[in-house]
Amino acid sequence: MPVGSTSDFKRIFIEVSKLKEPISKFTLYYSLLSILKGKQEKVDEFIESVDKDVIKRETTRKDKNFEETIYTYLRNQVGHVQEDTVLNSLKCEMRNNIEGLREILKVELENFE
């Protein structure tokens, strides 16, 4: 169980929601979800439980063969920048997926005790 109260996480959520820059906003939403859920596998399990139709992409991790949700995929593109990462494209994809991630995080915050 993460350290912090529901009101702490909700306050952080509200502050992150005020950000304009999409990479920071997306990454911080994902970080909050990760603090609450744990490892990326658990984050993806939760995301899939909330959004059964979530887009999935093949992981870019070397010597690995599995799919991850679009949210984890995009977070990993920032956290583990690769030679073929195109920042403007990444920024656009994050902007297009921020609202979905925000809604998923809201579900977790509503259930968090």
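Computed from a predicted model, the values in this text were never measured in an experiment.

Caption draft 1: Molecular detail of the overall build of the chain. Counting secondary structure elements, the chain contains five helices and two strands. Taking all 113 residues of the chain together, 35% fall into the buried category. Put simply, of all contacts in the chain between residues at least 6 apart along the chain, 54% involve residues at least 24 apart. Here the chain has roughly 7,000 Å² of accessible surface; of this, 50% comes from carbon and sulfur atoms.

Caption draft 2: Examining the packing of helix α2 (residues 22–37) against helix α3 (residues 40–50) more closely. Where α2 meets α3, the axes come as close as 9 Å, and the angle between the chain directions of the two elements is 100°. Compared by their axis directions, α2 and α3 come out roughly perpendicular. Each of Y30, L33, S34 and K37 in α2 lies in contact with α3, whose residues at this interface are Q40, K42, V43, F46 and I47. Looking at the contact of α2 with α3, its residues break down into five nonpolar, two polar and two charged.

Caption draft 3: Representation of helix α1 (residues 6–17) within the structure. Helix length check: α1 (12 residues) gives 16 Å between terminal C-alpha atoms against 16 Å at 1.5 Å per residue, within 8%. Along α1, the positions that sit buried rather than exposed are F9, F13 and V16. An end-on view of α1 places all buried positions within 65° of arc, on one side of the element.

Caption draft 4: Layout of the pattern of salt bridges. Considering all chains together, one arrives at nine salt bridges under this definition. Residue D8 pairs with R11 through a salt bridge whose shortest N-O separation is 3.0 Å. With D8 and R11 both in helix α1 and three residues apart, this pair spans about one turn of that helix. Note that K18 is salt-bridged to E15, the shortest N-O span being 3.1 Å. Judged by its relative accessible area of 52%, K18 is exposed. What makes E15 partly exposed here is its relative accessible area of 43%.

Caption draft 5: Representation of the nonpolar core. Counting 26 residues, the largest nonpolar core has L33, Y71 and L105 as the members making the most contacts within it. Among residues more than four places away in sequence, those in contact with L105 are F13, Y29, L32, L33 and L36.

Caption draft 6: Broad picture of the side chain of N76. Locating N76 in the fold gives a position in helix α4 (residues 70–79). The exposure class assigned to N76 is buried, which follows from its relative accessible area of 5%. Polar side-chain contacts of N76 include one of 2.7 Å to the side chain of Q40. Of the polar contacts made by the side chain of N76, one reaches the side chain of R75; its length is 3.0 Å.

Cut-offs and rules
- Residues numbered from 1 in each chain as written.
- Predicted model: local features only at pLDDT ≥ 70, side-chain atom pairs only at ≥ 80, totals over all residues.
- Heavy atoms only, no water.
- Helix = DSSP H or I, 4+ residues; strand = E, 2+ residues; numbered from the N terminus.
- Buried < 20%, exposed > 50% of the residue type's maximum accessible area, 1.4 Å probe, protein only.
- Contact = heavy atoms within 4.5 Å.
- Areas by Shrake-Rupley, 256 points an atom, 1.4 Å probe, with all protein chains shown as cover.
- Axes fitted to C-alpha atoms, helices over the stretch in contact; angles between N-to-C directions.
- Parallel < 35°, antiparallel > 145°, perpendicular 65-115°, else oblique.
- Nonpolar A, V, L, I, M, F, W, Y, C, P; charged D, E, K, R; others polar.
- Expected span 1.5 Å × (residues − 1).
- Arc of directions from axis to C-beta.
- Salt bridge = Lys/Arg side-chain N within 4 Å of Asp/Glu carboxyl O.
- Core = buried A, V, L, I, M, F, W, Y, C linked by side-chain atoms within 4.5 Å.
- Polar contact = N/O pair within 3.5 Å; in protein donor to acceptor, adjacent residues only side chain to side chain.

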